[in-house]
Amino acid sequence: MSLKHIPVNFSDRRRRAIDRFTRRLVTCCGIAILLLMLLLFFWLIWVVLPLFASPALHPQPAQQLWDRQPALALGFTDQQGWRIGRDGAARVIPLNGQPAEAALTLRPAPQQIVSSADRRTLLLNAQGALLLLQPANGAWRYPLGEVPVQLPGGAVKAAALATLGEEKWRIAAQTETGLNIVTLTRQQAPQRVELPQTQADHLLLSPQGDLLYASAGNLLRVWQLRDDGATLRETVTLAQPPRSLHLLAGGASLLIQDGRGVTQWFAIAGAQGPRLHEIRTFAESSPTATLVTEPQRRVFATLAPDGALKIFASKQRGPILQRQLAPGIENAAFSPRGDALLLERAGSWQVLRIDNPWPDVSWRSFWQKIWYENYPAPDWVWQSTNAADSYQAKFSFMPMVTGTLKAAALSLLFATPLALAAAMYTAWFMAPGLRRWVKPAIEMMGALPSVVIGLIAGLWLAPHISQALLGVLLLPLTLAATLLICGALSGRLPPRWRQPGREVMLLLPVLLIVTLATLTIPAWLMRDAAEWLPHYEQRNLLVAGLAMGFALVPLIFTLSEDALFSVPAALGQGSLALGATPWQTLTRVVLPGASAGIFAALMIGFGRAVGETMIVLMATGNTPQSHGGLFSGLRALSANIAIEMPEAAAGSAHYRILFLSALMLLIFTLMINTLAELIRQRLRQRYSQHEGQA
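Fair warning: this is a prediction, and the values are worked out from it, not measured in the lab. (Residues numbered from 1 in each chain as written. Predicted model: local features only at pLDDT ≥ 70, side-chain atom pairs only at ≥ 80, totals over all residues. Heavy atoms only, no water.)

Peer 1: It is not clear to me how the overall build of the chain should be interpreted in this structure. Could you clarify?
Peer 2: Regarding its fold elements, the chain presents 14 helices and 29 strands. Its C-alpha atoms give the chain a radius of gyration of 37 Å, clearly above 26 Å, the size a compact globule of 694 residues would have. C-alpha extents for the chain along the principal axes are approximately 125 × 80 × 45 Å. Residue pairs at least 24 apart in sequence account for 57% of intrachain contacts in the chain once pairs closer than 6 positions are excluded. Counting 58 positive and 42 negative side-chain charges, the chain places the centres of these two groups 12 Å from one another. (Helix = DSSP H or I, 4+ residues; strand = E, 2+ residues; numbered from the N terminus. Rg over C-alpha atoms; globule rule 2.2 N^0.38 Å. Contact = heavy atoms within 4.5 Å. Lys, Arg positive; Asp, Glu negative; His and termini not counted. Charge placed at Lys NZ, Arg CZ, Asp CG, Glu CD.)

Structure representation (structure tokens):
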């Protein structure tokens with residue numbers, strides 16, 4: 001008998017020090033990972049929180065005016081404001097308290113002033129004659145000269161103005177004889193069109209000058225204007241005579257203020273062309289307050305005589321900001337960017353700084369249907385950008401959330417039967433020698449980059465599926481029928497082929513032949529079956545589900561096979577010894593024992609499918625829609641972030657909403673993993689109790 005002494009260096013201080021250092025290093029690395037995850041979580045919250053901040057109002061000190069006459073029109077930029085009084089004094093006034101320049105005296109004094117939608121040109125109505133005036137860079141400019149335009153119909157009673165181009169304007173004027181449309185161009189004679197409408201209480205031109213809204217009593221007429229004529233598009237009977245008409249930025253939404261408050265209208269395409277429809281009445285809007293609109297955003301404010309200020313946004317049901325100010329407000333104007341409001345009281349100005357960078361963003365607008373301009377009905381829409389400057393961005397998460405869940409569910413539906421069947425066969429029925437080759441081969445499939453799978457799915461799989469669509473849909477049925485038939489005929493095989501593990505050598509060629517026949521014969525009999533479907537898209541949910549399912553098979557297979565193989569062998573052997581068949585042993589003993597691991601595998605696969613980016617990005621049409629079916633395109637949350645983050649301006653609403661999408665993905669993944677772990681622990685505890693009783 002030989003004694004092997006343990007060397008002294010196996011228990012010396014250096015080994016214990018290395019053990020302590022390794023243990024502390026592993027602990028520090030684990031804590032660092034947790035801290036990094038918390039840092040990422042709170043950083044996302046920090047980026048997203050400003051979206052939901054309430055609007056704020058910061059009043060500035062009042063500034064005395066030299067002019068005591070009430071203003072007919074006023075406006076301002078960040079540095080200076082301008083006003084035209086009833087006495088005809090047009091003055092540019094610095095907002096920093098510096099003395100104002102000498103006033104421009106307009107003679108005769110105007111009785112009415114209207115402005116274009118861009119607030120850059122004013123139309124002065126002085127004793128029935130019309131004159132264009134522009135405040136620019138602290139001075140006043142006459143774009144068409146200082147000679148007023150006289151209309152042949154007599155004095156002008158009401159007017160509206162629109163800018164058509166750099167040196168071209170359109171005027172709608174109500175004269176004693178009727179309604180006239182006048183197009184003014186530098187160095188050209190005015191072009192005049194007379195409309196067959198004799199009376200109008202309110203006139204309003206669209207920013208492009210192609211539409212005229214003219215109200216008389218409770219009738220609102222919409223005229224389609226051209227350079228050489230006009231056509232009556234429609235006549236709308238209103239519930240009450242309007243007290244004022246206004247257009248929001250972009251000119252698509254018409255605000256009508258009447259005894260009910262402020263209502264929003266816009267045109268919806270129909271069988272007879274676009275027609276105005278009443279969309280909503282803004283809650284708590286005043287029927288008598290002064291209404292002021294922003295020039296660049298769909299935001300307006302109402303100012304009551306008692307000083308009540310309410311700010312509304314077009315996609316919000318009620319006011320987003322309410323404040324009680326001092327009474328006596330005579331006039332008001334928004335700054336060009338909508339970040340300030342200029343108020344005029346008798347002999348004084350006051351600037352209100354407004355902190356309201358994202359008036360259209362609310363938690364409701366992300367999840368509920370919104371009736372957007374010119375849409376036939378409320379809907380979930382994601383459309384963040386457009387070529388038009390006046391475009392209203394639409395941010396609804398529902399198309400991406402439904403697209404993500406549909407793609408993840410279909411891929412899991414495709415991958416789960418294949419992966420679990422392969423795992424059960426490999427762990428329980430396959431010969432050990434063959435298992436040593438098959439299991440690593442399937443696991444190697446998981447090393448394929450998702451971008452490669454997406455590229456193959458988008459460029460090769462999608463066209464072939466469209467050509468053999470009928471065969472693809474029949475393939476699950478034919479394969480299931482083939483497996484059942486092979487199972488029934490397996491008892492007639494020679495004994496040497498019925499040994500466990502060898503049946504796969506016969507089954508695989510049969511399944512391959514059936515697959516090729518199923519895909520080829522229907523495509524030969526009925527070519528391009530996809531063209532028969534009315535809304536078929538080549539890159540669709542079916543392609544994405546198949547590609548993502550192929551990517552999930554190795555992951556679910558590996559984890560499920562390990563869970564099945566880790567069930568104590570004594571349980572299976574005891575079941576077989578008691579007379580149970582191998583299939584009964586698998587379904588009633590092994591699967592319940594491995595249920596915790598299998599469930600964890602499915603949840604991990606589902607989380608992988610939810611967060612998948614490149615496959616969904618390349619295998620679908622990237623169309624954000626919530627109503628599409630199996631053959632329609634979709635867009636997932638992760639793919640939407642990858643597509644739109646490079647073009648989102650840093651700090652914008654679009655930028656922060658994309659980060660909100662990332663935060664939602666992170667929270668959803670944490671919830672899925674937490675739920676999976678809780679269920680896995682309960683299943684493990686339940687299985688341990690049964691094992692102890694056995």
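Peer 1: Explain the environment of Leu342 here, please?
Peer 2: One can find Leu342 in strand β28 (residues 340-345). In this structure Leu342 comes out as buried when scored by relative accessible area, which is 0%. In sequence terms Leu342 and Ala332 are 10 residues apart; their C-alpha atoms lie 5.4 Å from each other. Other than its neighbours up to four places away in sequence, Leu342 contacts Leu74, Gly75, Phe76, Asn331, Ala332, Ala333, Trp349, Gln350 and Val351. (Buried < 20%, exposed > 50% of the residue type's maximum accessible area, 1.4 Å probe, protein only.)

Peer 1: Sorry if this is basic, but what is going on with the pattern of salt bridges here?
Peer 2: Pairing of side chains with opposite charge becomes possible as their charged atoms draw close. All chains considered together, the criterion is met by 19 salt bridges. Note that Asp19 and Arg15 form a salt bridge whose closest N and O atoms lie 3.6 Å from each other. Of this pair, Asp19 and Arg15 both sit in helix α1 (residues 13-48), 4 residues apart, roughly one helical turn. Under the relative-accessibility criterion, Asp19 is labelled partly exposed at 38%. With a shortest N-O distance of 3.5 Å, Arg192 and Glu194 are connected by a salt bridge. Residue Arg192 is classed as partly exposed on the basis of its relative accessible area of 37%. (Salt bridge = Lys/Arg side-chain N within 4 Å of Asp/Glu carboxyl O.)

Peer 1: Just checking my understanding: could you explain the sheet that holds strand β14 (residues 191-195) for this structure?
Peer 2: Strand pairing in a sheet takes place through backbone hydrogen bonds and is either antiparallel or parallel in direction. Taken in spatial order, the 4 strands make up an open sheet running β11-β12-β13-β14, and their pairing is antiparallel. Strand pairing shows two members of the sheet lacking a second neighbour, β11 (158-165) and β14, which therefore form its edges. With direction set aside, neighbouring strand axes in the sheet form an average angle of 15°. (Pairing = 2+ DSSP bridges. Axes fitted to C-alpha atoms, helices over the stretch in contact; angles between N-to-C directions.)

Peer 1: Sorry if this is basic, but what is going on with empty space enclosed by the protein here?
Peer 2: Counting across every chain of the model gives 1 cavity of 30 Å³ or more. Computed from the structure, the largest cavity encloses a volume of approximately 40 Å³. Every residue along the wall of the largest cavity is listed here: Gln264, Phe266, Arg280, Ser314, Lys315, Ile370, Trp371, Tyr372, Glu373 and Gln392. Across the lining of the largest cavity, the residue classes break down as 4 nonpolar, 3 polar and 3 charged. (1 Å grid on protein atoms, 1.4 Å probe; cavity = no way out; pocket = protein on both sides within 12 Å on 5 of 7 lines; lining within 4 Å. Points joined across faces, edges and corners; volume = space filled by probe spheres on them. Nonpolar A, V, L, I, M, F, W, Y, C, P; charged D, E, K, R; others polar.)

Peer 1: Would you explain the side chain of Thr302 in this entry?
Peer 2: Along the chain, Thr302 falls in strand β24 (residues 299-303). Residues in contact with Thr302, not counting those within four places in the same chain, are Ala289, Thr290, Leu291, Ala308, Leu309, Lys310 and Phe312.

Peer 1: Where do I start with the sheet that holds strand β4 (residues 80-85) in this structure?
Peer 2: The antiparallel open sheet is built from 4 strands, whose spatial order is β3-β4-β5-β6. A single partner strand is all that each edge strand has here, and the edge strands are β3 (71-76) and β6 (104-105). Where strand β5 (residues 89-94) lies against β6, 2 bridges are found, and the strand directions are antiparallel. Bridge assignment links Ala89 to a residue of β6, and that residue is Thr105.

Peer 1: It is not clear to me how the packing of helix α3 (residues 398-429) against helix α10 (residues 582-593) should be interpreted in this structure. Could you clarify?
Peer 2: Helix packing geometry: the angle between the two helix axes and the distance between the axes. Where α3 contacts α10, the two axes come as close as 12 Å, and the packing angle between them is 110°. Taken together, the axis directions place α3 and α10 in an arrangement best described as roughly perpendicular. Between α3 and α10, the contacting residues are Met424, Trp428 and Phe429 on the first element and Pro582, Trp583, Thr585, Leu586, Val590 and Leu591 on the second. Tallied by class, the residues present in the contact of α3 with α10 amount to 8 nonpolar, 1 polar and no charged. (Parallel < 35°, antiparallel > 145°, perpendicular 65-115°, else oblique.)

Peer 1: Please explain the pairing of strand β20 (residues 254-258) as it appears in this structure.
Peer 2: The side chains of a regular strand alternate, residue by residue, between the two faces of the sheet. Counting buried positions over the 5 residues of β20 gives 5, a clear majority of the element. In β20, alternate side chains face the same way, and those of Leu254, Ile256 and Asp258 on one face and Leu255 and Gln257 on the other are all buried. Counting the residues that bridge the hairpin from strand β19 (residues 244-247) to β20 gives 6 residues, and of these Gly250 lies at a positive phi of roughly 95°. Across 5 bridges, the pairing between β20 and strand β21 (residues 261-270) is antiparallel. Opposite Asp258, over in β21, you have Gly261 as the bridge partner. The hairpin turn running from β20 into β21, its antiparallel successor, is 2 residues long.

Peer 1: Is there a simple way to explain helix α11 (residues 595-611) in this structure?
Peer 2: Each α-helix winds once per 3.6 residues, and so residues spaced three or four apart point in a common direction. Relative to the 24 Å expected for 17 residues at 1.5 Å per residue, α11 spans 24 Å between its end C-alpha atoms, a close match to the ideal helical length. Looking at α11, one finds that the buried residues are Ala596, Ile598, Ala600, Ala601, Leu602, Met603, Gly605, Phe606, Gly607, Ala609 and Val610. (Expected span 1.5 Å × (residues − 1).)

Peer 1: Hey, could you run me through the packing of aromatic side chains in this one?
Peer 2: Between two aromatic rings, the relevant description is the distance of the centres plus the angle of the planes. Applying the stated criterion across every chain yields a total of 18 aromatic pairs. Judged by centre distance (5.6 Å) and plane angle (80°), the ring pair of Phe41 and Phe42 falls under edge-to-face. When the ring of Trp363 is compared with that of Phe366, the centres are 6.2 Å apart and the planes differ by 90°; the resulting orientation is edge-to-face. Of this pair, Trp363 and Phe366 both sit in helix α2 (residues 363-367), 3 residues apart, roughly one helical turn. Looking at Trp363, the relative accessible area reads 45%, which means it is partly exposed. Site record: aromatic cluster; members linked through ring pairs are Phe52, Trp363, Phe366, Trp367, Trp382, Phe395 and Phe397. Of note, Lys369 hangs over the ring of Trp380, and the distance from its end group to the ring centre comes to 4.8 Å. (Phe/Tyr/Trp six-rings, centres within 6.5 Å; stacked < 30°, edge-to-face > 60°. Lys NZ or Arg CZ within 6 Å of the ring centre and 35° of its normal.)

Function-wise, these values are silent; they only describe arrangement.
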